[in-house]
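Summary of the model geometry
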Amino acid sequence: ILNVEQSPQSLHVQEGDSTNFTCSFPSSNFYALHWYRWETAKSPEALFVMTLNGDEKKKGRISATLNTKEGYSYLYIKGSQPEDSATYLCFLAGGTSYGKLTFGQGTILTVHP
Amino acid sequence: GAGVSQSPSNKVTEKGKDVELRCDPISGHTALYWYRQSLGQGLEFLIYFQGNSAPDKSGLPSDRFSAERTGGSVSTLTIQRTQQEDSAVYLCASSQQGGRAYEQYFGPGTRLTVT
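Attention in this report is confined to the structure presented alongside it. Quick caveat, the model's predicted, so the values are computed rather than measured.

Remarks on the sheet that holds strand β7 (residues 62-67) of chain A
Residue and element names in this part refer to chain A. The five strands are arranged β1-β3-β8-β7-β6 in an open sheet whose pairing can be described as antiparallel. Among the strands making up the open sheet, the edge pair consists of β1 (5-7) and β6 (56-59). Averaged over all pairs of adjacent strands, the angle between strand axes in this sheet comes to 15 degrees, irrespective of strand direction.

Some words on the state of the cysteines
Counted by the stated rule, this structure contains two disulfides over all chains. One disulfide bridge connects C23 of chain A with C90 of chain A, the sulfur atoms lying 1.9 Å from each other. As the torsion about the S-S bond is roughly 70 degrees, the C23 of chain A-C90 of chain A disulfide counts as right-handed. Placement of the pair is C23 of chain A in strand β3 (residues 19-24) and C90 of chain A in strand β9 (residues 86-94), with a sequence separation of 67 residues. For the pair C23 of chain A and C90 of chain A, one class covers both residues: buried. Across the disulfide, C23 of chain B is cross-linked to C92 of chain B (sulfur-sulfur distance 1.8 Å).

Digging into the interface of chain A and chain B
Quite often, the size of an interface is put as the accessible area lost when its parts meet. On the side of chain B, 23 residues touch chain A, which itself brings 22 residues to the contact. Carbon and sulfur atoms make up 60% of the surface buried where chain A meets chain B, a total of about 1900 Å² over both sides. Counting across the interface, chain A meets chain B through zero salt bridges. There are two residue pairs in polar contact (both at pLDDT 80 or more) connecting chain A and chain B. Broken down by secondary-structure element, the contributors of at least two residues to the side of chain A that touches chain B are β4 (30-38), β5 (45-50), β9 and β10 (101-103) of chain A.

Here we look at the pattern of salt bridges
Residue and element names in this part refer to chain A. Scanning the entire structure with this criterion turns up seven salt bridges over all chains. Of the charged contacts in the structure, one is a salt bridge between K42 and E39, with a shortest N-O distance of 3.8 Å. For K42, a relative accessible area of 49% puts it in the partly exposed group. The structure contains a network of salt bridges with shared partners spanning R37, E39, K42 and E45.

A word on the pairing of β6 of chain A
Both β6 of chain A and β7 of chain A contribute to a ladder of four bridges, which runs antiparallel. What sits directly across from E56 of chain A, in β7 of chain A, is T65 of chain A.

Quick notes on the sheet that holds strand β7 (residues 75-79) of chain B
Residue and element names in this part refer to chain B. Reading across the sheet, the four strands line up as β1-β3-β7-β6 and stay open at both edges, with antiparallel pairing between neighbours. Only two strands of the sheet have a single neighbouring strand rather than two, namely β1 (5-7) and β6 (65-69). Strand-to-strand twist in this sheet, taken as the mean axis angle between neighbours without regard to direction, amounts to 15 degrees. As defined by bridge partners, strand β3 (residues 19-24) adjoins β7 across five bridges and the pair is classed as antiparallel. Considered in β7, the bridge of C23 is made with S75.

Thresholds, definitions, all that
- Residues numbered from 1 in each chain as written.
- Chains lettered and ligands numbered in written order.
- Predicted model: local features only at pLDDT ≥ 70, side-chain atom pairs only at ≥ 80, totals over all residues.
- Heavy atoms only, no water.
- Pairing = 2+ DSSP bridges.
- Helix = DSSP H or I, 4+ residues; strand = E, 2+ residues; numbered from the N terminus.
- Axes fitted to C-alpha atoms, helices over the stretch in contact; angles between N-to-C directions.
- Disulfide = S-S within 2.5 Å.
- Buried < 20%, exposed > 50% of the residue type's maximum accessible area, 1.4 Å probe, protein only.
- Contact = heavy atoms within 4.5 Å.
- Buried area = accessible area lost by both parts, 1.4 Å probe.
- Salt bridge = Lys/Arg side-chain N within 4 Å of Asp/Glu carboxyl O.
- Polar contact = N/O pair within 3.5 Å; in protein donor to acceptor, adjacent residues only side chain to side chain.

Listed below in structure tokens is the structure:
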């Protein structure tokens, strides 16, 4: 069983603040790491899929980094807006089962106007 | 274009009844996943289909759960003799290819309540 830990569990920030949160995973058997955003009453939406150590990806004000040797990924949001409020999930593809993904519990972000 | 659709959006059933949940993936997507999220829990992988290969059923919690994918497109998740612990949101996702490095597109989910 692969343990994927996300921290913090929840986060409250003010509009305009920059923030970041962490996804930690076993560094062995790594294949890919996914970040998704899940807004209430909507479907999870893919943000990034990263496969290479040192990967950095960016989409607008959101960016992510990956360190497979030490087993973590950071998600950064610059200048948070209320519409960024959502649960941010990381998924780890690892192990020997082709289709299986292991999920973190998510970080719930609330951005206050 | 059309995204992943799921039906029904909500299902309330009595304990012991069978239910079927349907997923229509994005046209042309070869991989299809089922997940569920129970109250207060994270997402849990259930089953994965890739093309004509045998599905990965390793996440199915018991033999009351089964799924099929007909013609490489629509998938049905069946839960027999439902139990209260089966209450959850069941999500379906598809991706263009089956590798785990491809982003997944999720449907809106089916909220199942077993009374």
